[in-house]
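# Close look at the chain arrangement
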Amino acid sequence: MNTLKLQTLEDAILGFLENYEQIVDSGEFAAQHGFSHDEIMSVIQSLIGSEFVVAQPISRIERWQLTAEGKTYASNGSPEFQLYSAIPSEGISCAELKTKLGDLVFKIGWQQAIKNKWLEMGKAQVSRKVDHVEDNVKAMLLKIDDGEALDQQDLDALKRRKLISPIKWNGYLFNKGPKYARERKKPATDLTRENLSGGTWKSLEFKEYNYSAKGAPVEGGHLHPLLKVKQQFQMIFRQMGFEEMPTNNYVESSFWNFDALFQPQQHPARDSHDTFFLREPCKTRTLPEDYVERVRHIHESGGYGSRGYGYDWKREEANKNLLRTHTTAVSSRMLYALAKKHFEAKKYYSINRVFRNEAVDRTHLAEFHQVEGLICDRGLGLGDLKGVLGDFFSRLGMSKLRFKPAYNPYTEPSMEIFGYHEGLKKWVEVGNSGMFRPEMLLPMGLPDDVSVIAWGLSLERPTMILYGINNIRDLFGHKVDLQLIKSNGICRIGL
Ligand code: PHE
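Here's a quick rundown of the structure. Think of each chain on its own: its residues are numbered from 1, step by step along the sequence as written. Under the rules for a predicted model, residues below a pLDDT of 70 receive no local features and side-chain atom pairs below 80 are neither given nor counted, while totals for whole chains, interfaces and linings still include all residues. Side-chain numbers here rest on the full set of heavy atoms in the structure, without hydrogens or water.

## Details of the sheet that holds strand β1 (residues 24-25)
Adjacent strands of a sheet pair through backbone hydrogen bonds, lying either parallel or antiparallel. Ordered in space as β1-β6-β2, the three strands form an open sheet in which the pairing is antiparallel. In this open sheet, the two strands that pair with only one neighbour each are β1 and β2 (53-66). Alignment of β2 against strand β6 (residues 164-176), held across 13 bridges, turns out to be antiparallel. Within the sheet, the bridge partner assigned to Pro-57 lies in β6 and is Tyr-172. Packed onto the sheet, helix α8 (residues 136-145) meets β2 and β6 and runs at close to 135 degrees relative to β2. Two strands are said to pair when DSSP picks up at least two bridges between them. By the criteria applied, helices consist of DSSP H or I runs no shorter than four residues and strands consist of E runs no shorter than two, each listed in order from the N terminus. Contacts: residue pairs with any heavy atoms within 4.5 Å of one another. Under this scheme, a helix contributes an axis fitted over its contacting stretch, all axes are lines through C-alpha atoms, and angles between N-to-C directions fall in the 0 to 180 degree range.

What follows is the structure, given as structure tokens:
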């Protein structure tokens, strides 16, 4: 309602009250003056607030409506009529009648039909006592539905059976209030410079502060659930002494994403069905040439005790740009950088976006976030990997882990990680892990007693479990309800 309209209504009410000392009925007032009653109500409420009027709420039954039960009888007939109609002329047993009608219709129909004296009980049979009955209840219900009036007795009968309920009209009986005046001046809400310099502040009426008004909720500045869970993972990694790897490049060359990881060029994951290749720029500009040669060699003919894959490795394939399919591409860059310096043990982590050309469904999108951790040091073994995974996942609240042998081209051994989820009371797959192969590490130039243990998982999966979201499209992408982001709870996992 606009302010002008409010002003007109207010003026009409105050003008009417000026020379009228009786009590006014808001419904009659609205009808007589051609105003909508809802609008009149809100103006009266505001006038009550400033004591220009006093009022007493009143309510009347405006009309009747059918309850859910009433509606079914209006279309199917009353239960007593249904019951009567279901009795064949030769009679029927109660049990049979009951299965015909269902328990509820039978029960209600029976009571009413007995009351109406429609039934006759034989030894084992029930039969009709009268030849013909009318379904008055249905007729009355249809009348109510059409807005027709019924006499009080009929209304009472339907009310008693809870087949109708009243629609109430709410209004006010009102009268002049203690602070009534012909006009309500709008109180000032601010003390201005002009008020002070011109002296008008002395006569101004100020609006009182409403200390019990509810504050307006803040609309902006909400973190997405993925960011909240990401922060928790970051905290856990940092508590464990890990440094973050720079993962701010979504575009990567096939070389760092695949070849450096000893992933052969015919590997199905390198197919465009699984990987997004870039059209522009389609090739990487520079690669470390001597290292590229060592990678070519290990793929083609092996080395360091490995037989390699024995195929014709192609540089053009390694040059192709793509959207990285895993953050392990960054891990390979970081390990190569480490190998170039005097070796130092390191713990690295990253949490960032990766892309896979997959069919989108309830649990898959063409992109997701990968959480990755790795430790490189001299003499690490599988026991160290299991130990660090135990530490990591127990900080996430999962202290029971199980491992299943798996395969990755760049790790040996490789293990899928399953964790017992105390909330869901079942084992869930929580990640993938392994020890990077010598075929990956030695061509980089890392000392041969250095091993690297690593693991990866998605950020989406734990987030969906934590926030009870079962369709990934409700979590990420253009279909996400902004309300989810505004109202989701804080995230605390682990310690
Ligand atoms: N890169 C793996 C994946 O995409 C995760 C992984 C990381 C596995 C490190 C082993 C070691 O699923």
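What follows picks up the thread again.
## A closer look at the pairing of strand β11 (residues 367-378)
Summary of the burial criterion: residues with accessible area below 20% of their type's maximum are buried, those above 50% are exposed, and those between are partly exposed, where the area comes from a 1.4 Å probe applied to protein chains only. For β11, a buried count of nine out of twelve residues is recorded, marking the element as mostly surrounded by other parts of the structure. The pairing of strand β10 (residues 346-355) with β11 spans ten bridges and is classified as antiparallel. Paired with Asn-352 across the bridge in β11 is Gln-370. Where β11 and strand β15 (residues 450-458) come together, nine bridges link them in antiparallel fashion. Paired with Asp-377 across the bridge in β15 is Ser-451.

## Points about the site of the ligand
Any residue with a heavy atom positioned within 4 Å of a molecule or strand is treated as near that molecule or strand. Surrounding the ligand, one finds His-326, Thr-328, Arg-356, Gln-370, Glu-372, Asn-408, Tyr-410, Asn-432, Ser-433, Ala-454, Trp-455 and Gly-456. Computed with the Shrake-Rupley method and a 1.4 Å probe, the accessible areas treat only the protein chains shown as cover for residues. In the complex, 91% of the free accessible area of the ligand, which totals 320 Å², lies under the protein chains. Those elements giving two or more residues to the shell around the ligand turn out to be β11, β14 (426-436) and β15. In terms of residue count, the dominant contributor to the shell around the ligand is β15 (three residues). Its residues placed into classes, the shell around the ligand shows three nonpolar, seven polar and two charged. Amino acids are sorted into nonpolar (Ala, Val, Leu, Ile, Met, Phe, Trp, Tyr, Cys and Pro), charged (Asp, Glu, Lys and Arg) and polar (every other residue, Gly among them).

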